Each structure stands twice: as structure tokens, then as C-alpha cells.
Amino acid sequence: MSAADLISPFARGPHLLGFPTPDRRLRIGIVGGGRISKVQTLAMRLSDRWDVIAGAFSSDLETSRKAGKTWHISPDRTYATYREMAEKEAKRSDGIEAVAIATPNHTHYDVARVFIDAGIDVFCEKPLTTTLEDALLLRKCVHQSGLVFMVAHAYSGHAMVRQAKAMIAAGEIGRIRQIHVEYVQEWMMHDAITNFKHVQWRQNPEQAGQTACTADIGTHAHHLACFVTGLEMTSLRAELLVCGPPKELDDTVYVSARYEGDVPGLLWASQVAIGDFVGLRMRIYGEKGSLKWDQENPEQILFSRMGRHAEVVRRGFGAGNNPNAERLTRAPSGNVEGWLEAWANLFTEFEIAVAARRAGQTLPVGLLQYPTIDDGVRGMKFIDAVVQSHTAGGIWVNCGPEDGQ
Ligand code: NAI
């Protein structure tokens with residue numbers, strides 16, 4: 001590395017993220033006008049690669065119109081239904097080139113199908129669907145269509161998550177021996193929480209699916225473990241629990257897991273853990289060392305090796321980080337980046353993938369690492385296996401690729 005490489009690109013001039021520079025922003029529409037749609041929209045705008053120009057924000061027309069106004073979407077591009085949006089936008093020469101779906105879980109399958117059938121690339125919320133059967137069908141449609149389909153495991157957009165992935169792939173901690181992940185929050189502990197709409201559908205099996213906490217945040221922990229280690233979870237035994245106020249579906253899940261190579265692991269998710277907010281954490285132990293990362297302190301990884309002082313690996317330019325991490329870095333070290341930037345990173349990769357598909361270009365292998373339909377299906381296998389195991393009293397259940405699905 002030369003001295004010039006150690007100087008921040010900000011100091012050198014225009015910053016070079018190592019991604020192709022777009023000629024223009026692509027056009028995107030939104031389905032759903034709730035909490036996470038707003039975050040997605042902010043992140044699209046932060047990525048500077050998307051113009052947000054259309055939306056179907058609610059199943060109620062008036063609500064959709066009101067939302068469209070506050071989200072600066074022109075009235076003629078604010079639709080009563082997502083079907084109307086897909087149909088009309090697909091016919092326009094300046095129609096949307098992609099859609100982001102952030103509606104309750106039970107709608108993901110239908111909404112995604114409508115846009116895939118209209119030839120529009122899809123960014124879809126997790127969990128992918130409410131049943132494994134639907135997830136497998138959707139994967140088939142996506143593969144047949146050739147469209148880009150990204151799943152919103154936004155934490156994989158943190159630069160230091162990419163750094164941890166690269167370090168493990170480079171053998172920095174040696175063969176993995178244990179994988180520990182957790183995602184813990186407190187918000188479902190509040191007494192009046194069930195008065196909120198976004199909680200009501202999360203506790204309704206017809207809208208949330210078979211689980212609540214497991215689908216909502218357990219899937220993020222599962223994705224993080226598999227994404228960073230590069231190992232599939234192959235089997236698990238699980239217990240679904242209600243540790244907070246009484247409710248229909250789980251607010252907590254305990255999982256013992258096995259990953260490829262018979263690597264053991266633990267996964268814990270809870271939405272009633274007072275004092276924890278977005279406590280997504282991982283500890284990966286290998287034969288030579290370990291890596292620890294905490295999404296509430298996302299700019300650093302603690303890297304330990306036997307018999308040596310632990311090292312803090314920090315996000316930044318010229319800090320010796322892997323190109324896959326540096327590419328997702330906007331601000332110099334010390335100007336902190338976090339969750340919104342991680343989301344924006346996914347929308348950056350989404351734009352690059354969509355633009356390349358539309359231009360018939362092949363991107364260099366490994367340039368993009370975003371979560372795909374396959375990650376969405378893995379998440380549904382995980383949920384399905386958790387339910388099977390819990391229902392059968394905690395037996396081991398297969399959830400990996402060798403189960404033939
Ligand atoms: P929410 O309840 O706040 O928002 C849902 C929105 O969808 C509402 O605006 C509702 O009017 C709209 N909607 C419902 N049916 C519709 C239809 N047929 N057409 C158009 N709009 C419709 O829910 P929230 O928390 O935003 O969650 C939405 C999805 O995002 C869920 O699948 C959830 O699992 C996921 N999520 C993902 C996160 C992540 O980190 N990736 C974080 C939070 C939620």
C-alpha cells in the first residue's frame with residue numbers, strides 16, 4: 001500500500017466507492033406507507049441512486065392519497081391499489097423501474113407476484129412470505145423472470161458486517177467452531193403496545209405468519225449468522241416463548257443450531273428484553289480467533305487472537321479494511337455512520353443490480369453481496385423449522401439445503 005492509499009478519498013478529491021457511477025437515478029415506487037417504508041424512502045434518497053416517484057401507500061385510497069402528498073409523490077402517481085400501480089406504471093415510458101414492498105407479511109407474496117409479472121425488479125421486506133410453500137413458489141417465479149429480487153436484511157449493509165464476512169472468508173479466525181447471534185429489543189413490553197396497528201398485525205397469525213418475534217427479528221439474526229460465516233444453518237431445535245404480557249404469538253425464541261460442518265451455535269431473539277433496543281449482536285469463534293460485532297456500536301469489530309491483545313477494526317478509508325467494506329463507506333472515520341447508511345448501501349447495490357440487468361451487463365463476481373430471494377427462502381425455512389421443532393417438543397429439525405428444497 002502506498003502513502004497515497006492511506007489518505008482518505010475525501011482528502012484526495014471526489015470519493016471513489018469502487019461502484020459504477022450511474023448516468024441517472026432510476027425510478028422506484030413504494031408499496032406500503034408505514035414505519036419501515038419511510039426509512040426505506042429516506043435510504044433510497046440517501047443513496048442518491050433512486051427517484052421515488054410512485055406509491056400505493058395503503059389499502060385505503062384516501063389514506064394512500066394523504067400519504068402520497070406528505071411523501072412528495074404527485075397525485076397521478078399515487079395509486080389506490082398496488083395492482084393499479086403495477087399495471088399503469090408498466091405501460092408508461094417513464095414508469096417505475098423497481099418497486100419496494102413494505103407491507104404486512106401476508107401481502108408480500110401477492111404484491112411481489114404482481115410486480116414480477118409486470119417485469120419490474122423487486123426490493124421486498126422480510127419475512128419473504130408467511131409460508132415456506134409460498135416462498136418456494138416465489139423463488140421459482142423470480143428465477144424464471146430473471147429479475148433482480150432483493151430481501152431487506154438491512155443489517156448486512158453495514159460496512160463492518162462486510163468486513164467481518166471478508167475476514168472470516170480470508171481465514172483470519174480459522175475454522176469456525178461456534179456461532180452465537182442474538183437480536184433483543186424491549187418495545188413489546190409496553191402495556192399499551194397492542195393498541196398500535198403495526199403490533200396488531202404482528203400478533204395475528206393470518207397476517208404475520210406462524211410466528212411473531214421469530215419472523216420479525218429472529219430472521220435478521222439468522223441471516224446475519226449465515227451471511228457473515230458463509231455457512232448454512234442445517235438443523236435446529238427451538239422453543240417459542242411468551243416472556244412478556246400475554247399474547248397470541250411468540251415474543252421470544254431460543255434456538256440451538258447446527259451449521260454446515262456440524263458447527264454448533266445459539267440464536268436468541270426477544271422483543272421483551274428491557275434495556276435492549278436494537279440489540280443485534282454476533283460472536284463468531286474460530287480455531288485461531290474470534291470476531292464480535294454489535295449493531296448498536298456498528299463502526300467497529302473486536303478481533304481477538306489467542307495470546308495477543310485484542311484489536312479494534314474500525315470503519316474508514318485507508319484503515320486496512322477489505323474493499324467490500326470500504327466500498328460501502330461514505331464518511332471518513334470519526335464521522336459516524338449507522339443504520340440509515342446500511343439501508344442506503346442496500347439501495348446502492350439494488351440500483352447497480354437493476355441498472356446492470358436492464359443494460360444486459362454482467363457485473364464482476366463478488367462486487368455485490370446483497371441478500372437475495374435465496375436468503376428470503378432460507379429465512380422461511382428457519383421459521384418453519386422453529387415451529388416444527390417447538391410443536392414437537394423441541395426435537396431437532398432440518399432447515400438446510402440438503403432437505404431437498
Ligand atoms: P406498518 O404496519 O407500520 O406498515 C404497513 C403499511 O402497509 C401501512 O402503511 C399499511 O397501510 C400498508 N398496507 C397494508 N396493506 C396494504 C396494501 N394492500 N397496499 C398498500 N399498502 C398496504 O408495518 P412495518 O413495521 O412498516 O412493517 C412492514 C413490513 O416491513 C413487515 O413485513 C415487517 O416485517 C418489515 N420490517 C422490516 C424491517 C427491517 O429491518 N428490514 C423493520 C421493520 C419492519
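Residues numbered from 1 in each chain as written. Predicted model: local features only at pLDDT ≥ 70, side-chain atom pairs only at ≥ 80, totals over all residues. Heavy atoms only, no water.

**Student:** Can you walk me through helix α7 (residues 159-169) in this structure?
**Tutor:** Each α-helix winds once per 3.6 residues, and so residues spaced three or four apart point in a common direction. Most of α7 is tucked away, with nine of its 11 residues classed as buried. Immediately beyond the C-terminal end of α7, within one or two residues, lies G171, with a positive phi of roughly 80°. (Buried < 20%, exposed > 50% of the residue type's maximum accessible area, 1.4 Å probe, protein only. Helix = DSSP H or I, 4+ residues; strand = E, 2+ residues; numbered from the N terminus.)

**Student:** For this particular structure, what's the right way to read a nonpolar patch on the surface?
**Tutor:** Taken together, the side chains of L42, L46, W339 and L340 make up a nonpolar region of the molecular surface, amounting to roughly 330 Å² of accessible area. Of note, L340 is situated in helix α12 (residues 339-359). Classification of L340 by relative accessible area gives partly exposed; the value is 33%. (Patch = residues over 30% accessible without salt bridge, like charges linked within 9 Å, V, L, I, M, F, W, Y side chains within 5 Å. Areas by Shrake-Rupley, 256 points an atom, 1.4 Å probe, with all protein chains shown as cover. Salt bridge = Lys/Arg side-chain N within 4 Å of Asp/Glu carboxyl O.)

**Student:** So what exactly am I meant to see when it comes to helix α5 (residues 108-117) here?
**Tutor:** When you tally the buried positions in α5, you get seven out of 10 residues, the bulk of the element. Among the residues of α5, H108, Y109, V111, A112, V114, F115 and I116 are the ones counted as buried. Where the residues of α5 are buried, they touch β1 (26-31), α4 (82-91), β3 (98-101), β4 (121-124), α6 (132-145) and β5 (149-151). Phi turns positive, to about 80°, at G119, one or two residues after α5. (Contact = heavy atoms within 4.5 Å.)

**Student:** Can you walk me through the pairing of strand β7 (residues 233-241) in this structure?
**Tutor:** Each regular strand carries side chains that alternate between the two faces of the sheet. Judged by how many residues are buried, β7 sits mostly within the fold: seven of nine residues are covered. Here β7 pairs with strand β8 (residues 252-259) via eight bridges, running antiparallel. Note that in β8 the partner of E239 across the bridge is Y254. Examined bridge by bridge, β7 and strand β14 (residues 397-398) share two bridges and lie antiparallel to one another. Considered in β14, the bridge of S235 is made with N398. (Pairing = 2+ DSSP bridges.)

By themselves, these observations are geometric and do not establish any function.
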